[in-house]
Amino acid sequence: MALIKQVRGFIPKIGKNCFLADNAAIVGDVTMGDGCSIWFGAVLRGDVNTITIGDRVNIQDNTVVHTLYEKSVTEIGNDVSVGHNVVIHGAKICDKALIGMGAVVMDHAVVGEGAIVAAGSVVLGGTQIGPNELWAGSPAKFKKMVDPAQASEINVKIARNYLMYSTWYDDQTVEPLPNP
């Protein structure tokens, strides 16, 4: 069962039909919409400020979502996919965006609707990524525009796939095999 912990009087609010992996941690001032999936080792740490997550968001394995005390909040829109080993710290991720594996998105950055942050990129604090833009590198820089219909189709498909994957874990209890 996931760790869901109250901090400073804030109790995480989790929407309907959400999947929380056994070792995911959701702490403090976190509000999550419906149909989300929070995968193994992911940490949503709303201890120092607010984290708001929309509907059908998948936050994949070992990702950390955090904020700055009294200075930044994290907002994640609807149908967003956040890859494995990502750090989102006090940023705004708009609807249908995709954050690639191992990316870092820092305080006060905005990732626009349908935008893609490539795997391994570092989006510096205050960076403004427009809708349907592809950014890559460290620090991340604009690379090209992405066709809005194509980006929407890809990002929504990934978000829906993660909803499907989460159903594979419905109350799966496995007894350990005996030692030979």
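Treat the numbers as computed from the prediction; the structure is a model and nothing was measured.

Draft legend 1. A look at the packing of aromatic side chains. If you walk through the whole model with that rule in mind, you get nine aromatic pairs. Relative to Tyr165, the ring of Tyr162 has its centre 4.8 Å away and its plane inclined at 70°; by these criteria the two rings are edge-to-face. Remark: Tyr165 and Tyr162 occur in helix H1 (residues 148-167); sequence separation between them is three residues, near one turn of the helix. Tyr162 sits in the buried class, given a relative accessible area of 14%. Seen in terms of ring centroids, Tyr165 and Trp168 are 5.1 Å apart; in terms of plane orientation they differ by 45°. Their pairing is tilted. For Tyr165, a relative accessible area of 25% gives the class partly exposed.

Draft legend 2. Fine view of the nonpolar core. In this structure, Leu44, Ile53, Ile59, Ile93 and Val111 are the most contacted members of the largest nonpolar core, which totals 37 residues. Aside from chain neighbours lying at most four places away, what touches Val111 is Lys92, Ile93, Cys94, Ala97, Ile99, Val105, Val117 and Ile129. In terms of nonpolar packing, the next biggest core, distinct from the first, is built from five residues, Leu98, Ile116, Leu134 and Ala151 among them.

Reading guide: rules and limits
- Residues numbered from 1 in each chain as written.
- Predicted model: local features only at pLDDT ≥ 70, side-chain atom pairs only at ≥ 80, totals over all residues.
- Heavy atoms only, no water.
- Phe/Tyr/Trp six-rings, centres within 6.5 Å; stacked < 30°, edge-to-face > 60°.
- Helix = DSSP H or I, 4+ residues; strand = E, 2+ residues; numbered from the N terminus.
- Buried < 20%, exposed > 50% of the residue type's maximum accessible area, 1.4 Å probe, protein only.
- Core = buried A, V, L, I, M, F, W, Y, C linked by side-chain atoms within 4.5 Å.
- Contact = heavy atoms within 4.5 Å.

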